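# Chains, contacts and geometry: an overview
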Amino acid sequence: MPPIIEASHLGKTYRSGKLEVPALRDVTFAVEPGEFVSIVGPSGSGKSTLFYVLGGLTSPTAGTLTIRGQDFSRLSDAERTKLRRAHIGFVFQRFNLLPTISAADNIELAHEIADTGRPLDRALLDHLSELLGIKGRLDHRPNELSGGEQQRVAIARALITKPAIVLADEPTGNLDTQNSDAVLEMLRVSSRELGQTVLMITHNPEAAMIADR
């Protein structure tokens, strides 16, 4: 089976006037389907830039990126958006929940935006909320939830579309130890039990150890 993600000599340079700032240099790696991989490094090392490139949120300035057999770097913006919506789920350090609607509505909205052509899987929503310990909190708005609960809602939002790939950017960065452990366990479950490929960016070596590599 071919890799689900294949990066070859990726580079990303930001330009400000005449100044060029390289954020990624010659990054090459492959990820197998269902694998859980941690990308580790200190602040400023380019981890988040790599996250945005892998998710199709920004384009590399060098190299190629293949996602599920498609050359991501050659797709149009519309094609990249379609692939991203259909196959990639995002978990951000800042939970990015809409404050005016309930947790359940935040999760369901992600499914609507993805436009998968499939009805919302209520059984999956029930299963995820049970696993994440938020079943009794779905009717609450984000400001009525703790930080750990908000992050777990954000994970349910990322998984509800059944993405092949889950990208998590410092998902435990704002959480205490107990909530961090719950989030990491759920990411491991999504890889081992749900068969999703997980890439987690972190500066925390202890969090990184939960991954396959």
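My aim in this report is to walk through the structure given alongside it, one point at a time. (Residues numbered from 1 in each chain as written. Predicted model: local features only at pLDDT ≥ 70, side-chain atom pairs only at ≥ 80, totals over all residues. Heavy atoms only, no water.)

### Details of the overall build of the protein chain
Selection rule: Helix and strand definitions here come from DSSP, where helices need a minimum of 4 consecutive H or I residues and strands a minimum of 2 consecutive E residues; each element is numbered from the N-terminal end. The globule rule used for comparison is 2.2 Å times the number of residues to the exponent 0.38, while the radius of gyration itself is calculated over C-alpha atoms. The rule is simple: take the accessible area with a 1.4 Å probe, protein chains only, and divide by the maximum for that residue type; under 20% is buried, over 50% is exposed, in between is partly exposed. In this analysis, two residues are considered to be in contact whenever any of their non-hydrogen atoms come within 4.5 Å of each other.
Scanning the protein chain for helices and strands turns up seven helices and eight strands. Taking 2.2 N^0.38 as the reference for a compact globule, 213 residues should give roughly 17 Å; the C-alpha atoms of the protein chain span a radius of gyration of 17 Å, in line with that estimate. The dimensions of the protein chain, computed from C-alpha atoms along their principal axes, are 50 × 40 × 40 Å. Each of the 213 residues in the protein chain was classed as buried or not, and the buried ones make up 49%. Considering only residue pairs separated by 6 or more positions, the protein chain has 70% of its internal contacts joining residues 24 or more positions apart.

### Here's the deal with the environment of Leu-131
Counting through the fold element by element, Leu-131 comes out in helix α4 (residues 122-132). What makes Leu-131 partly exposed here is its relative accessible area of 39%. Residue contacts for Leu-131: discarding those within four places in its chain leaves Met-186 and Val-189.

### A few points about the pairing of strand β1 (residues 5-16)
Let me state the cut-off plainly: Paired strands, as defined in this entry, are two strands with at least two bridges between them according to DSSP.
Both β1 and strand β2 (residues 19-31) contribute to a ladder of nine bridges, which runs antiparallel. Looking at β2, one finds that Arg-15 is bridged to Glu-20. Between the end of β1 and the start of β2, which pair antiparallel, lie two residues, with Gly-17 showing a positive phi angle near 65 degrees. Bridge analysis of β1 against strand β4 (residues 62-67) gives five bridges, and the strand direction is antiparallel. Opposite Ala-7, over in β4, you have Leu-65 as the bridge partner.

### Some remarks on the sheet that holds β4
Going by this rule: Every angle, taken between N-to-C directions, lies between 0 and 180 degrees, and every axis is a line fitted to C-alpha atoms, over only the stretch in contact when it is a helix.
Spatial strand order, β2-β1-β4-β5: four strands in an open sheet with antiparallel pairing. This sheet does not close on itself; its edge strands, each paired only once, are β2 and β5 (70-71). The strands that helix α1 (residues 47-54) touches are β1, β2 and β4; relative to β2, the one it contacts most, it runs at about 65 degrees.

### Details of the layout of surface pockets
To be explicit about the condition: Using a grid of 1 Å spacing that covers the protein atoms alone, one calls a set of points a cavity when a 1.4 Å probe fits there but cannot get out, and a pocket when the set is open and has protein on both sides within 12 Å along at least five of seven lines; lining residues are those with an atom within 4 Å of a point. Grid points are joined across faces, edges and corners, and a volume is the space filled by probe spheres set on the points. Think of it as three bins: nonpolar holds Ala, Val, Leu, Ile, Met, Phe, Trp, Tyr, Cys and Pro, charged holds Asp, Glu, Lys and Arg, and polar takes everything else, Gly as well.
Counted as a void, the largest pocket has a volume near 500 Å³. Lining the largest pocket we find 17 residues, and of these Ile-88, Phe-90, Ala-110, Ile-113 and Arg-157 sit closest to its centre. Counting only elements with at least two residues in the lining of the largest pocket, the list comes to α2 (77-87), β6 (88-91), α3 (103-114) and α5 (147-159). When residues in the lining of the largest pocket are grouped by element, the largest group, five residues, is from α3. Tallied by class, residues from the lining of the largest pocket come to ten nonpolar, four polar and three charged. Considering only enclosed or pocket space, the second largest pocket measures out at about 160 Å³ in volume. Thr-172, Ser-180, Leu-184, Asn-204 and Ala-207 are the residues nearest the centre of the second largest pocket, which is lined by 13 residues in total. Going through the elements one at a time, α6 (177-192) and α7 (205-208) are the ones with two or more residues in the lining of the second largest pocket. In terms of residue count, α6 provides more of the lining of the second largest pocket than any other element does, four residues in total. Of the residues assigned to the lining of the second largest pocket, the class counts are three nonpolar, six polar and four charged.

### Some thoughts on unusual backbone geometry
Phi at Lys-162 takes a positive value of approximately 60 degrees, unusual for a residue other than glycine. Looking at where Lys-162 falls in the secondary structure, it is placed in the loop between α5 and β7 (165-169). A positive phi is found at Glu-170, a non-glycine position, where the angle reads about 50 degrees. Tracing the backbone shows Glu-170 in the loop between β7 and α6.

### A closer look at the sheet that holds β6
Each strand in a sheet pairs with another by means of backbone hydrogen bonds, the pair being arranged parallel or else antiparallel. The strand order β3-β8-β7-β6 describes an open sheet built from four strands, whose pairing is parallel. The two strands at the open ends of the sheet, each matched to only one other strand, are β3 (36-40) and β6. When strand polarity is set aside, the average angle formed by the axes of neighbouring strands in this sheet is 15 degrees. Where β6 lies against β7, four bridges are found, and the strand directions are parallel. In the strand pairing of β7, Gly-89 is matched with Val-166. On top of the sheet, α5 reaches β6 and β7; it is set at about 170 degrees to β6, its chief contact.

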